[in-house]
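Overview (structure and organization)
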Amino acid sequence: MTTPLLLPPEPFTSLDQYLLAGGGEGWRTALDAGPEAVLAALKTSGLRGRGGAGFPAGRKWASIRAGRPDVGPRFVVANGAEGEPGTFKDRPLMRRNPYQVIEGLAIAATVIGAAQAFIAVKRTFEPEIEALSRALKEMAEAELLCDAPITLVTGPEEYLFGEEKALLEVVEGKEPLPRLYPPYVQGLYGTASESGWEASPELMGFDPDVPISNPTLATNVETLANVPLIVSRGAEWFRTMGTEQSPGVAICTVVGDVVHDGFGEVELGTPLREVIERIGGGPRAGREIKAVLSGVANPVLTADQLDTPVSYEGMKEAGTGLGSCGFIVYDETADMVSVARSVSRFLSVESCGQCPPCKLGTMAISERLERIANAQGTEHDVMEIGGWLGRVSDANRCYLGEEEQRVISSLLRAFPEEFAAHLEGGPPAEWVPIPKIVDIVDGRAVYDPKQILKRPDWTYADAEWQYPHGSA
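All of the points below concern the structure found in this document. Quantities reported herein were computed from a predicted structural model and do not represent experimental measurements.

With respect to empty space enclosed by the protein
Taken as a whole and assessed by the stated rule, the structure comprises five cavities of 30 Å³ or more. Estimates place the volume of the largest cavity at around 80 Å³. Taken together, the residues that form the lining of the largest cavity break down as five nonpolar, four polar and one charged.

Describing the packing of aromatic side chains
Tallying each qualifying case throughout the model produces six aromatic pairs. Geometrically, the ring pair formed by Tyr 159 and Phe 346 is edge-to-face, given 5.0 Å between the ring centres and 70° between the ring planes. With Tyr 159 in the loop between strand 3 (150-155) and helix 8 (164-171) and Phe 346 in helix 13 (residues 336-350), the pair connects residues that are 187 residues apart, well separated along the chain. With respect to burial, Tyr 159 and Phe 346 carry one shared label: buried. Taking the centre distance of 6.3 Å and the plane angle of 55° together, the rings of Trp 237 and Phe 238 count as tilted. Judged by its relative accessible area of 22%, Trp 237 is partly exposed. Grouping aromatic residues by their ring pairs yields a cluster made of Phe 12, Tyr 18 and Tyr 99.

Regarding the pairing of strand 3
Residues in a regular strand point their side chains to alternate faces of the sheet. Pairing of strand 2 (residues 114-122) with strand 3 involves six bridges; the strand directions are parallel. Bridge pairing links Val 121 to Thr 154 in strand 3. Where the polypeptide runs from strand 2 across helix 7 (residues 126-141) and back to strand 3, its parallel neighbour, the crossover connection is right-handed.

What counts and what doesn't
Residues numbered from 1 in each chain as written. Predicted model: local features only at pLDDT ≥ 70, side-chain atom pairs only at ≥ 80, totals over all residues. Heavy atoms only, no water. 1 Å grid on protein atoms, 1.4 Å probe; cavity = no way out; pocket = protein on both sides within 12 Å on 5 of 7 lines; lining within 4 Å. Points joined across faces, edges and corners; volume = space filled by probe spheres on them. Nonpolar A, V, L, I, M, F, W, Y, C, P; charged D, E, K, R; others polar. Phe/Tyr/Trp six-rings, centres within 6.5 Å; stacked < 30°, edge-to-face > 60°. Helix = DSSP H or I, 4+ residues; strand = E, 2+ residues; numbered from the N terminus. Buried < 20%, exposed > 50% of the residue type's maximum accessible area, 1.4 Å probe, protein only. Pairing = 2+ DSSP bridges. Right-handed = clockwise from strand over helix to strand, strands pointing away.

Laid out in structure tokens, this is it:
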């Protein structure tokens, strides 16, 4: 791969620029070929969802299209509510290439026969909102959109907005509280069974006495941006990149203890070490990488695992997950107890509270990690952490409790000597900021300064607070 497929070197600022670069070919090809041919191409391509789970896109689309008429209308939602720590991929994509995202969304809506389509982003994503709004207007005027109306939805800053079941709640005008059932079972405005805090058939004019489930395709914006290329260039072309199980490219982010923070397209299967070197410039002079987190959803990778292929199967074999390809790098100066504390605190305040084991467990683990990090912990704290890790994911509606379980357990296993040092009275650990990225400018990631002020009830403290020795 020599030419970027998703991120043009300079942003497309007009539809004419996009069309001159070959944009629109996927849409025209999809209309000529028909839905079944598009589905076949997607299945053959092996495209997997870029939102974190990596589910095969062709199978997902086909399951929505195949529903019986009596299940109700279908919908499609493009998830651009990026918020995974260490990740900055969807926002540069929507800023630089909004037309390709929308073209993929139009193809998806047409293939599944959607009654309506949505793009959901956080209301703080001002450059992305401007770019998407401009692209939607220009593409509508040029008649390059699907028959289904496309609506841009803006939502809150909460981490769970990016969870697909909570995403649907936000589209319906509610808080990002994950539903019980996934979107392909209980979609937008469904009335067939309990789906969240409340059903909202009145929003679409449905008869509340007629049970419908409205299967909904919820898919990441990067996944959609790949679709026009697959449809226009062919599944076989797409498979010339990546690996057998992980074909194509992915937008990766590298932040932390590296020469410079950054993002860029990477062919799947590239060794993690090379990704860190290429995007982040490698570790700083005289330093060595000690650990890498793939967001805060997967177990830690240690220095001896840096040759792990950046692919779904490669990461799985290494005992972790690819996630959304946001890699947080820590060198030998990082205190991994403080890393664990920051991760646990982030997840505890972002937990919505619907599932008591998750909310209570993440909070309790965070409190115990705080004690240990401050050299005030005991063996009892370690036992309490272990006990909560065993049940923090019980009966969860979403994956957040499992994230706590997977990441914190892996840090305890990988760095026991650092926890032991704090238990034995070592110096208190300095705060390691959680890399919730607002932007990446001139090789430097700007982290959200308000995150440390966030309370477990999703309000914010009034007092100003700074990390020791400055905040990122």
